[in-house]
Amino acid sequence: MEETIVVLDYGSQYCQLIARRIRECHVYSQVIPCNTTAAEIAAMAPKGIILSGGPASVYDAGSPQLDPAILELGIPVLGICYGMQLLVKYSGGAVSSAPEREYGRAQLHIQKAGELFDGMAPEQTVWMSHGDKVTMEPTSIETLAITQNCEFAACQLKGKKLYGIQFHPEVVHSPNGIQILRNFCLKICSCQGSWNMASFIEDSVKRIRETVGNERVILGLSGGVDSSVAAALIHKAIGRQLTCIFVNNGLLRKNEAERVQELFGRNFNMDLRYIDASDRFLVKLAGVDEPEAKRHIIGAEFIEVFADAARSVDGATFLAQGTTYPDVIESMPINGNPAAMIKSHHNVGGLPKDLKFKLLEPLNKLFKDEVREVGRALGLPDEVILRQPFPGPGLGVRHLGAVTKRTLDLLREADDIFVEEVKKAGLYYKLWQAFCVFLPVRTVGVMGDQRTYDYVVALRVVESQDGMTADWVNLPDDLLRRVSNRIVNEVRGLNRVVLDITSKPPSTIEWE
C-alpha cells in the first residue's frame with residue numbers, strides 16, 4: 001500500500017492545490033469529504049491528515065465540523081486556516097471574528113521552529129485569507145509563530161503531532177510553504193517520499209492486468225491528452241485486449257484524424273477502429289446556430305456512433321475513460337451535500353442501457369501535470385502530451401452560426417496556419433490556448449484590383465493556470481502580421497482577420 005496523506009475538504013478553493021503540493025513532496029495525497037469518520041480514516045491507514053481551509057465559521061450553524069475521534073487516532077494532523085480553527089476549537093480554545101481581517105501577504109515570525117519549521121529562516125512571507133482567528137489557545141497548545149495581526153499564526157498541541165497554521169502554505173504567495181508541507185510529510189509523518197510516475201505506471205500495469213484478466217476493454221480515443229495517455233497505459237498492460245474507437249465527427253482540426261491513426265494504429269500497433277462519421281454530424285447540425293443546441297446534437301450523435309462501434313467489439317466488458325483526479329474531486333459532495341457537487345465526471349455519459357460495461361479509469365488518481373509525466377514516460381510525443389486544451393465538440397463551438405463543410409474547412413485552414421506560426425515562434429507550449437474562431441459575417445475587401453466579399457476569422461490567444469480565469473496575450477507584431485497575411489492570401493474565402501483582446505472574466509475563453 002502506498003504512503004498516503006489524506007486531505008479533508010472543508011470547501012477550500014485551494015483544496016486541490018494542497019493535494020498537488022503534497023505530491024510534489026513525492027507523497028501520494030487523496031482528497032476526501034470533511035464528514036469522513038475517524039473509523040473510515042483509520043481503515044485507510046494514512047500517514048498523515050490535513051484539514052483544509054474553508055469559507056465557513058467554525059461556530060456557524062450547520063458549518064462543517066470534525067469527528068473529534070480523528071484527533072485520537074495517533075496520526076499526525078495539520079490544520080490549515082479553517083482547519084486550524086477546528087483543531088483549536090476541539091482542543092478547548094476559542095475562535096472569533098477578527099477585528100482586523102487578514103488578506104494577502106503577511107510576515108510570519110517563527111518563535112519555535114520544531115519539526116514543522118525545521119530548516120527555515122525565522123522570518124517568512126506567507127499568504128493569509130481569513131476573517132476569523134484563534135483568540136484563545138488552551139493551555140495544552142503551544143504557539144509556534146505569530147504575525148502582526150495574528151497572535152496565534154501557528155501552533156502545536158503539546159506532546160502530540162497535531163499542528164495548526166492560520167496561513168496557506170499551498171499557494172505560491174507563500175514562497176517557502178512547500179518546505180512546511182515537506183516537513184510535515186517527511187519529518188512529522190515519517191513518509192519516505194517514494195511516490196513518482198515510474199512507480200505509478202508499474203502499480204497501474206499490475207492493477208489493470210489483475211482487474212481485466214482475459215477480458216476485453218474499449219476506449220473512446222479523442223486524441224486529447226487524457227484519453228491518449230489512458231490508451232497508452234492500458235495498452236502497455238494488456239496489449240491487443242484493448243480496442244480504441246476513434247470517431248471523426250467532421251469537427252476535427254486539419255489532419256488530426258490521420259495523425260491519431262498514425263500514432264496509435266501504426267506506431268503503437270493498437271487495435272484502433274476509425275469511424276468516419278463526419279457526414280452524419282454535419283447532417284444533424286445543418287441550419288443549427290444556437291450554441292447549446294449544437295453542443296447537445298454533437299454529444300448525442302457521438303454517443304450513438306460510439307455505441308454502434310462498441311457493439312462491434314466482441315467480448316468487450318470494460319469501458320475505459322481518461323478521467324483524472326480533478327474530475328473525481330469536482331464530482332465529490334462537499335460536507336455530504338450532493339447539491340454542492342461541481343460536475344459529474346464521466347466522460348462518456350448517456351450510453352444505452354444494453355451496453356453494460358464495467359468502468360476502468362486508470363488515471364483517476366492523477367492531476368493533469370502527472371498525466372503528462374506518465375504520457376512522456378510511456379513514449380508519447382510532446383505534440384500529444386503538451387497539446388493545448390481542445391473542446392469536446394471540436395470546431396463546432398469555434399464556428400459561430402450554423403456550420404457547413406465549406407466554412408468548417410475555411411476555419412480548419414486558418415487555424416492550422418495560426419498554430420503553425422505560433423509554433424515556429426516558439427510560443428505554442430508557453431500559451432494556454434491559441435486558436436481561430438469563424439465569424440458568420442462577410443466583409444468587403446480588395447485583393448489586387450478586385451472587390452471581395454468574404455468571411456472573417458478572429459484570433460484568440462490566452463494565458464491561464466487552470467482555465468478558470470485567463471488573460472489575453474499580446475503577441476509580437478511581426479507574428480500577427482505573418483498570420484494575417486498568410487490567412488487572407490492562402491485561404492480563399494477569408495478576407496479579414498481580427499484579434500480578441502478580452503480576458504476571462506468577463507468573457508469566456510471559447511466563444512461558444
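Here the structure is shown first, and the text comes after it.
Residues numbered from 1 in each chain as written. Predicted model: local features only at pLDDT ≥ 70, side-chain atom pairs only at ≥ 80, totals over all residues. Heavy atoms only, no water.

Colleague: What is the right way to read the pairing of strand β1 (residues 4-9) from this model?
Modeller: Two faces, one strand: in a regular strand the side chains alternate between the faces of the sheet. Burial of β1 is extensive: 6 of the 6 residues sit out of reach of the surface. Taking every second residue as pointing to the same face, both faces of β1 are buried, with T4, V6 and L8 on one and I5, V7 and D9 on the other. Relative to strand β3 (residues 48-51), β1 is paired through 4 bridges, and the arrangement is parallel. Following the sheet pairing, V7 is matched in β3 by I50. (Buried < 20%, exposed > 50% of the residue type's maximum accessible area, 1.4 Å probe, protein only. Helix = DSSP H or I, 4+ residues; strand = E, 2+ residues; numbered from the N terminus. Pairing = 2+ DSSP bridges.)

Colleague: Help me understand empty space enclosed by the protein in this model?
Modeller: Rolled over the atoms, a probe with the dimensions of a water molecule shows which regions are left empty. All chains considered together, the criterion is met by 2 cavities of 30 Å³ or more. Quantified by volume, the largest cavity comes out at close to 40 Å³. Lining of the largest cavity is provided by M120, Q124, T125, V126, F167, S174, N176, G177 and I180. Here the lining of the largest cavity is built from residues that sort into 4 nonpolar, 5 polar and no charged. Taken together, E2, W195, S199, F200, D203, R207 and K365 form the lining of the second largest cavity. Classifying every residue of the lining of the second largest cavity gives 2 nonpolar, 1 polar and 4 charged. (1 Å grid on protein atoms, 1.4 Å probe; cavity = no way out; pocket = protein on both sides within 12 Å on 5 of 7 lines; lining within 4 Å. Points joined across faces, edges and corners; volume = space filled by probe spheres on them. Nonpolar A, V, L, I, M, F, W, Y, C, P; charged D, E, K, R; others polar.)

Colleague: Would you mind showing me how to read helix α3 (residues 82-89) here?
Modeller: Three- or four-residue spacings in an α-helix give side chains the same orientation, since the helix completes a turn every 3.6 residues. With 7 of 8 residues buried, α3 lies mostly within the body of the structure. The complete set of buried residues in α3 reads Y82, G83, M84, Q85, L86, L87 and V88.

Colleague: For this particular structure, what's the right way to read the layout of surface pockets?
Modeller: Here the second largest pocket defines a volume of roughly 530 Å³. Along its surface, the second largest pocket is lined by 29 residues, and R253, R259, E383, R387 and K423 are the ones closest to its centre. Looking at the lining of the second largest pocket, the elements that each hand over two or more residues are α7 (256-267), α12 (382-385), α13 (405-424) and β15 (433-447). Here the lining of the second largest pocket gets 7 residues from one element, more than from any other, and that element is α7. For the lining of the second largest pocket, a count of residues per class yields 11 nonpolar, 5 polar and 13 charged.

Colleague: Just checking my understanding: could you explain the sheet that holds strand β11 (residues 242-248) for this structure?
Modeller: Backbone hydrogen bonds hold the strands of a sheet together, and the pairing may be parallel or antiparallel. The 5 strands are arranged β12-β11-β10-β13-β14 in an open sheet whose pairing can be described as parallel. With partners counted over all chains shown, the strands left at the sheet margins are β12 (271-276) and β14 (358-360), one partner each. This sheet shows a mean twist of 30° between the axes of neighbouring strands, independent of strand direction. Where strand β10 (residues 216-220) lies against strand β13 (residues 316-320), 4 bridges are found, and the strand directions are parallel. From the neighbouring strand, I218 faces β13, where its bridge partner is L319. Strands β10, β11, β13 and β14 of the sheet are contacted by helix α6 (residues 225-238), whose axis makes an angle of about 165° with β10. Packed on one face of the sheet, helix α9 (residues 291-311) meets β10, β11, β12 and β13 and runs near 145° to β11. (Axes fitted to C-alpha atoms, helices over the stretch in contact; angles between N-to-C directions. Contact = heavy atoms within 4.5 Å.)

Colleague: Help me out: how do you make sense of the state of the cysteines in this one?
Modeller: Throughout this description, disulfide means a covalent bond between two cysteine sulfur atoms. Tallying each qualifying case throughout the model produces 0 disulfides. C150 forms no disulfide, and the closest cysteine sulfur to it belongs to C81, at a distance of 9.3 Å. Residue C150 is classed as buried on the basis of its relative accessible area, which comes to 0%. (Disulfide = S-S within 2.5 Å.)

Colleague: Can you walk me through the pattern of salt bridges in this structure?
Modeller: Following the criterion strictly, the structure yields 32 salt bridges and no others. The salt bridge partner of E370 is R23, with a shortest N-O separation of 2.7 Å. Within this pair, whereas E370 is found in helix α11 (residues 368-377), its partner R23 is found in helix α1 (residues 15-24), the two being separated by 347 residues in sequence. Classification of E370 as buried rests on a relative accessible area of 6%. A residue is classified by how much of its surface remains accessible, and R23, at 5% relative accessible area, is buried. Residues joined in a network through salt bridges with shared partners are E420, E421, K424, D478, R482, R486 and E490. (Salt bridge = Lys/Arg side-chain N within 4 Å of Asp/Glu carboxyl O.)

Colleague: Please clarify how the environment of S227 should be interpreted in this entry.
Modeller: In this structure, S227 sits in helix α6. The spacing of S227 and T324 is 97 residues in sequence and 9.9 Å in space, taken between C-alpha atoms. Apart from residues lying up to four places away in sequence, S227 is in contact with L219, G220, L221 and S222. Separated by 3.1 Å, the side chains of S227 and S222 make a polar contact. (Polar contact = N/O pair within 3.5 Å; in protein donor to acceptor, adjacent residues only side chain to side chain.)

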